[in-house]
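What the coordinates show
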Amino acid sequence: MAGVQGSRLAIAVTNAGGLGSLPAALLREDVLRHELPAIRDSTTRPFNVHFFCHKTPVEHAARDMNWKQVLAPYYKDFGLSLNEIPAANANTLRRGIG
């Protein structure tokens, strides 16, 4: 859920008795400074904050094209376009929750 979930889901899960989790790997520092206190102020239960600990993959055009060719039939079945798949890069991984 990295990049699409903020404190609200973590709070709801935690307060419902589960281990709520904030996927923090893609969050900017200013977003973390808002999200963490929001969780702490909304629950007294334990919660998880997790980060990625791997290297950001390097773009590899030939490899990406190969995957697109392998997955093309599935995209066609669902009426999706391979041309609309954005390239992953460091800039897209450094955004906050919108």
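Details of the structure are given in the entry above.
The sections below set out a description of the structure shown in this document.

Counting 8 residues, the largest nonpolar core is built from Ala10, Ile11, Leu22, Ala24, Leu27, Val31, Leu32 and Ile39. Going through the elements one at a time, helix H1 (7-15) and helix H2 (29-42) are the ones with two or more residues in this core. Among the elements that make up this core, the one with the highest residue count is H2 (3 residues).

Along the polypeptide, Ser7 turns up in helix H1. Residues within four places of Ser7 in sequence aside, it is in contact with Leu22, Glu35, Ala38 and Ile39.

It is worth spelling out the pattern of salt bridges at this point. Within this structure, the stated rule accounts for 3 salt bridges. We note a salt bridge from Asp30 to Arg28, for which the minimum N-O separation is 3.0 Å. A salt bridge links Glu29 to Arg33, with the shortest nitrogen-to-oxygen separation between them at 2.6 Å. A residue pair is termed a helical-turn pair when its members lie 3 or 4 positions apart in one helix, as Glu29 and Arg33 do in helix H2 at 4 residues. Each member of the pair Glu29 and Arg33 is classed as exposed.

Analysis parameters
- Residues numbered from 1 in each chain as written.
- Predicted model: local features only at pLDDT ≥ 70, side-chain atom pairs only at ≥ 80, totals over all residues.
- Heavy atoms only, no water.
- Core = buried A, V, L, I, M, F, W, Y, C linked by side-chain atoms within 4.5 Å.
- Buried < 20%, exposed > 50% of the residue type's maximum accessible area, 1.4 Å probe, protein only.
- Helix = DSSP H or I, 4+ residues; strand = E, 2+ residues; numbered from the N terminus.
- Contact = heavy atoms within 4.5 Å.
- Salt bridge = Lys/Arg side-chain N within 4 Å of Asp/Glu carboxyl O.

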